[in-house]
Amino acid sequence: MEAYFWAFIVGGLICVVGQLLFDVGRFTPAHTMSILVVAGAVLDGLGLYEPLIDFAGAGATVPITSFGNALVHGALTEAENTGLIGILTGIFEVTSAGISAAIIFGFLAALFFKPKG
Amino acid sequence: MQQGHQTWVFQNKPAILATAVVGGPFEAEGPLAEDFDLLHGDLWLGQDSYEKAEKKMLEEACEAAIRKAGLQKQDIQFFLGGDLMNQIISSSFAARTLAVPFLGLYGACSTSMEGLALASLIVDSRAGRNVLCGTSSHNSAAEKQYRYPTEYGSQKPPTAQWTVTAAGAALLDREGDGPKVTSATIGRVVDMGVSDPFNMGGAMAPAAVDTITAHFRDLGVAARDYDLIATGDLGKVGYKIARDLLKKHNPAIPDEIFTDCGLLIYGEDQPAVLAGGSGCGCSASVVYGHIMNRLNKGELKKVLIVATGALLSPLSYQQKESIPCIAHAVSIESNKP
């Protein structure tokens, strides 16, 4: 039960940051999203995002910050194993499931529904 | 006949023979639903794009206005139209169907009164007998062009406005039965440096105030000479700014005669539209529907419509330009005792 609680609080707080960027910072939706992705990437570079996932679970993996974390995490892990070239090959390693799913499901949805408004 | 700096007084008082307004499904749920000639339950209007749907609405409004006036397309000498789409395709394509000599206009949401002012000028100066003017906007087509793809579902701040899905057309005649257009004040472009496209009401309010002040000054009239003064689409935010600015600088307009088409179209307790309605179809549908019906019934004797337009483009916004705004005012008098 405690896991749910912290997931809710941490996930909610990340969203509050997004809402503040949007409402107070007057950033566009695209800028807000990019800032959160970059923030996740920077936090992982500093070694802080993994502990946050261990602590909050889905509260840290569901928000878009997790995508930035996954990009850097894949690159760093691969770099450790294969050297500098791993930065290039590793970026999409962790995120490939998400990106491929977006492409494939996007394609399937476009076959059956009108894709553009 | 020019009077003062920027006002035309129409000595022959062109008559608005007929007007027609067509709306979408969301407008059909609003408080002015009964003032529409035709309401569509489908945002697509059976077309395969929103742009085509908008064009169809404008065609329908023009055809309905011509029919209500008891005329045929060939009786119309000129058609003046404009809309929000790039290269004003809704109007040009509707003009293709109408096959009437056409002048395309762009004044963003002020196009309704820009068209009515110019149509009145043509009729008043005897450069044409029957002149049609019309404008349209479509919520989804405008969202797609100016903001984000509709399927993106982007969140908007509470100052944002909802583009009205509607078209309105008015048919003017040199003489005939109908409310009379008596004067028009052509607005200057006013830019107070607002660059937030989600606060167009706030950006446009100073332009409305500028034109109202100019109208009163040029004609030597005051707010009490009108039964109703309606701005185009300032919404809650812009309406309040305009009202406060007018109070501060005189001429103050009593609250009971000062309103805004963006507030009237959906009512003031519709949270989905945030600050209120906007778009070319907003003032066009409220004026050519609701207000024209009240003039025809004699409930209103003399009104001043101040249609407001934000002259930005998606490109100028991306290049961080501020939003130049304009407002055109047209006064219309009822011919009912």
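The model shown is predicted, which means the values in this text are computed figures rather than measured ones.

Before going further, it helps to examine the overall build of chain B. Secondary structure summary: chain B contains 10 helices and 15 strands in total. Computed over its C-alpha atoms, the radius of gyration of chain B comes to 18 Å, within 12% of the 20 Å expected for a compact globule of 337 residues. Overall size of chain B, expressed as C-alpha extent along the three principal axes, is 50 × 50 × 35 Å. The buried share of chain B, reckoned over its 337 residues, is 57%. Contacts in chain B between residues at least 24 apart in sequence constitute 80% of all its contacts with a sequence separation of at least 6.

Before going further, it helps to examine the pairing of strand 9 (residues 166-173) of chain B. Residue and element names in this part refer to chain B. Burial analysis of strand 9 places 8 of its 8 residues in the buried class, which makes it a mostly covered element. As paired strands, strand 3 (residues 15-23) and strand 9 are joined by 8 bridges and run antiparallel to one another. Pairing of Gly23 across the sheet is with Ala166, part of strand 9.

Below, the discussion takes up the packing of helix 6 (residues 200-219) of chain B against helix 7 (residues 235-249) of chain B. Residue and element names in this part refer to chain B. Put simply, helix 6 and helix 7 touch, their axes get as near as 8 Å, and they point 40° apart. As for the relative orientation of helix 6 and helix 7, their crossing is right-handed in sense. Counting all contacts with helix 6, which are made through Gly201, Gly202, Met204, Ala205, Pro206, Ala208, Val209 and Ile212, the residues of helix 7 involved are Gly235, Val237, Gly238, Tyr239, Ile241, Ala242, Leu245 and Leu246. Taken together, the residues of the contact of helix 6 with helix 7 break down into 12 nonpolar, 4 polar and no charged.

Attention now moves to the interface of chain A and chain B. Between chain A and chain B, the residue contacts involve 4 residues of the former and 10 residues of the latter. Taken together, the residues of the side of chain A that touches chain B break down into 2 nonpolar, 1 polar and 1 charged.

The first and last C-alpha atoms of helix 4 (residues 111-124) of chain B sit 19 Å apart over 14 residues, in line with the 20 Å expected at 1.5 Å per residue. Just downstream of helix 4 of chain B lies Arg126(B), where phi reads positive at about 60°.

On to the domain arrangement of chain B. All names here are of chain B. Segmentation of chain B into domains returns domain 1 (2-173) and domain 2 (180-333). Computed from C-alpha atoms alone, the centre-to-centre distance between domain 1 and domain 2 is 17 Å. Facing the 57 residues of domain 1 at the interface are 59 residues of domain 2. Breaking the side of domain 1 that touches domain 2 down by element, the ones donating at least two residues are strand 2 (7-9), strand 3, strand 5 (78-83), helix 4, strand 7 (131-137), helix 5 (139-146), strand 8 (162-163) and strand 9. The element that contributes the greatest number of residues to the side of domain 1 that touches domain 2 is helix 4, accounting for 7 residues. Within the side of domain 1 that touches domain 2, the residues separate by chemical class into 28 nonpolar, 23 polar and 6 charged.

With 112 residues, the main nonpolar core has Ala61(B), Ala65(B), Ala169(B) and Ile305(B) as its most contacted residues. Taken domain by domain, the makeup of this core includes at least three residues from each of domain 1 (2-173) and domain 2 (180-333) of chain B. Not counting the four nearest positions on each side in its chain, Ala169(B) is found in contact with Thr19(B), Ala20(B), Ala61(B), Cys62(B), Ala65(B), Leu132(B), Cys133(B), Gly134(B) and Tyr288(B). In this structure, Val10(A), Ile14(A), Tyr49(A) and Ala60(A) belong to the second largest nonpolar core, which totals 6 residues.

The rules behind these values
- Residue numbers run consecutively from 1 along every chain, following the written order of its sequence.
- Chain A is the first chain written and ligand 1 is the first ligand written, with later ones labelled in order.
- Selection of residues for local features in this predicted model requires a pLDDT of at least 70, selection of side-chain atom pairs for listing and counting requires 80 or more, and totals for whole chains, interfaces and linings are taken over all residues.
- A helix here means a DSSP run of H or I that spans at least four residues, while a strand means a run of E at least two residues long, and both kinds are numbered starting from the N terminus.
- Note on method: radius of gyration uses C-alpha positions; expected globular size equals 2.2 Å times residues raised to 0.38.
- Counting other C-beta atoms within 10 Å of its own, a residue is labelled buried from 20 upward, exposed at 12 or fewer, and partly exposed in the gap between, with every C-beta atom placed from the backbone.
- We call two residues in contact when their backbone-placed C-beta atoms lie within 7 Å.
- Between any two strands, at least two bridges found by DSSP are needed for them to pair.
- To obtain each axis, a line is fitted to C-alpha atoms, and for helices this fit is confined to the stretch in contact; angles are then taken between N-to-C directions over 0 to 180 degrees.
- Two helices crossing with the near one rotated counterclockwise from the far one by less than a right angle form a left-handed crossing, whereas a clockwise rotation gives a right-handed crossing.
- Ten residues, namely Ala, Val, Leu, Ile, Met, Phe, Trp, Tyr, Cys and Pro, are considered nonpolar, four, namely Asp, Glu, Lys and Arg, are considered charged, and the remaining ones, Gly among them, are considered polar.
- A helix's residues, less one, multiplied by 1.5 Å, set its expected span.
- Domain start and stop points were drawn from an automatic or database domain assignment.
- The nonpolar core criterion groups buried Ala, Val, Leu, Ile, Met, Phe, Trp, Tyr and Cys residues into a set whenever they are joined through C-beta atoms within 7 Å.

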